[in-house]
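Listed below, chain by chain, are the residues.
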Amino acid sequence: MDDFSRSWTALRAAVAGLADEDFARPSGCAGWLVRDLVCHLVIDAQDVLITLATPADTPPTRDAASYWEVSETPPTGEDPLDALTVRLAAAYEDPGLLRFHLDDVGSAAGRAAVLAEPGGWVGTRGEVLTVGDYLSAYVVEWTLHHLDLVAHLPHAPRPPAESVAAARRLFERIAGAPFPATLSDTEALLVGTGRRAPGPAERTALAEAGVRIPLSLG
């Protein structure tokens, strides 16, 4: 719960501190500007609220790691839902409206997460998870998107080190193997998800560790 709140609070604060012109800059998500990414975060926050308000009466079928559908093909931004996000983001026109919407819905999602019982069962995407596992899964989402947000914004605050470390631990569970210690937590996430191509030495170290990359989470 602490990891969720820490990562989500930091991401929302980073968005709140952006200048209007920053919303038109590219993000670390293929095919998306910063405004598109922020619009996606609004949708994510809505998903969190919906899931936490959807109790389940059957045992969990997934945990924080198996929650994710894993693909070896990184997104290109051409998926129909990705394209819809771009159109929706453009409809805001004023970045201040998008910033306000994220703060409004995002704050509610953050409060709902704090109030939720970690051991409770919730349903989402046809599966059941404990609240704790569901929120833990989102630490990876928030941290990766925080890195996406600041990819071309050197002045924006980076995600907390604790959040990046927690995201790496879960990502290694998803990958089924630990990443080489020579990779920092941030680099492990960027390289592991295909956001950055590994150098020759990194590729060798990853192969020796038995890690397959890239892994795209959906």
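Refer to the preceding data block for the structure.
Residues numbered from 1 in each chain as written. Predicted model: local features only at pLDDT ≥ 70, side-chain atom pairs only at ≥ 80, totals over all residues. Heavy atoms only, no water.

**Student:** Please clarify how the pattern of salt bridges should be interpreted in this entry.
**Tutor:** For the coordinates displayed, the defined rule picks out 12 salt bridges. Here Asp22 and Arg25 are joined by a salt bridge, their closest N and O atoms 3.1 Å apart. Residue classification places Arg25 among the partly exposed positions, given a relative accessible area of 37%. For Arg195, the salt bridge identified is with Asp148, shortest N-O distance 2.7 Å. (Salt bridge = Lys/Arg side-chain N within 4 Å of Asp/Glu carboxyl O. Buried < 20%, exposed > 50% of the residue type's maximum accessible area, 1.4 Å probe, protein only.)

**Student:** What is the right way to read helix α5 (residues 131-149) from this model?
**Tutor:** Since there are 3.6 residues in each turn of an α-helix, residues three or four apart along the chain are aligned in direction. For α5, built from 19 residues, the straight-helix expectation of 27 Å at 1.5 Å per residue is met to within 8% by its first-to-last C-alpha distance of 26 Å. Most of α5 sits inside the fold, with 17 of its 19 residues counted as buried. (Helix = DSSP H or I, 4+ residues; strand = E, 2+ residues; numbered from the N terminus. Expected span 1.5 Å × (residues − 1).)

**Student:** Even after reading the chapter, I still don't get unusual backbone geometry, so can you show me in this structure?
**Tutor:** The omega torsion of the bond from Ile213 to Pro214 falls at -5°, within 30 degrees of zero and hence cis. Within the fold, Pro214 resides in the loop between α8 (200-209) and β4 (216-217). With phi around 60°, Glu93 is a residue other than glycine that occupies positive phi space. With respect to the element layout, Glu93 can be found in the loop between α3 (80-92) and α4 (95-115). What makes Glu93 exposed here is its relative accessible area of 71%. Of note in the backbone geometry, Arg125 takes a positive phi value of approximately 55° without being a glycine. Accessibility expressed as a relative area gives 45% for Arg125, which makes it partly exposed.

**Student:** When you look at the packing of helix α2 (residues 34-52) against α3 in this model, what are you seeing that I'm missing?
**Tutor:** Between two packed helices, both the angle of their axes relative to each other and the distance between the axes serve to describe the pair. The interhelical angle for the contact between α2 and α3, taken along N-to-C directions, is 100°, at an axis separation of 8 Å. Classified by the angle their axes make, α2 and α3 are roughly perpendicular. Between α2, through Arg35, Asp36, Cys39, His40, Val42 and Ile43, and α3, the contact on the second element is made entirely by Thr85, Val86, Leu88, Ala89, Ala90 and Tyr92. (Axes fitted to C-alpha atoms, helices over the stretch in contact; angles between N-to-C directions. Parallel < 35°, antiparallel > 145°, perpendicular 65-115°, else oblique. Contact = heavy atoms within 4.5 Å.)

**Student:** Help me out: how do you make sense of the environment of Arg99 in this one?
**Tutor:** Its location among the elements puts Arg99 in helix α4. A relative accessible area of 19% means that Arg99 is categorised as buried. Expressed as a C-alpha distance, the spacing of Arg99 and Ala166, which sit 67 residues apart in the sequence, is 27 Å. Each residue touching Arg99, except ones within four places of it in the same chain, is listed here: Val15, Ala16, Leu18, Ala19, Asp20 and Phe23.

**Student:** Would you mind going over the side chain of Ser107 with me for this structure?
**Tutor:** Of note, Ser107 is situated in helix α4. Here Arg12 takes part through its side chain, which lies 3.2 Å from a polar atom of the side chain of Ser107. If near-sequence neighbours (up to four positions away) are discounted, Ser107 is found in contact with Arg12 and Leu102. (Polar contact = N/O pair within 3.5 Å; in protein donor to acceptor, adjacent residues only side chain to side chain.)

**Student:** Looking at this structure, how should I read the pairing of strand β2 (residues 121-124)?
**Tutor:** Every other side chain in a regular strand lies on the same face of the sheet, so the side chains alternate between the two faces. The sheet contact formed by β2 and strand β3 (residues 127-130) spans four bridges and is antiparallel. Across the sheet, the residue bridging to Thr124 is Glu127, located in β3. Here β2 folds back onto β3, and the loop between the two strands holds two residues, one of which, Arg125, carries a positive phi near 55°. (Pairing = 2+ DSSP bridges.)

Note that every value here comes from positions in space, so none of it alone points to a role or purpose.
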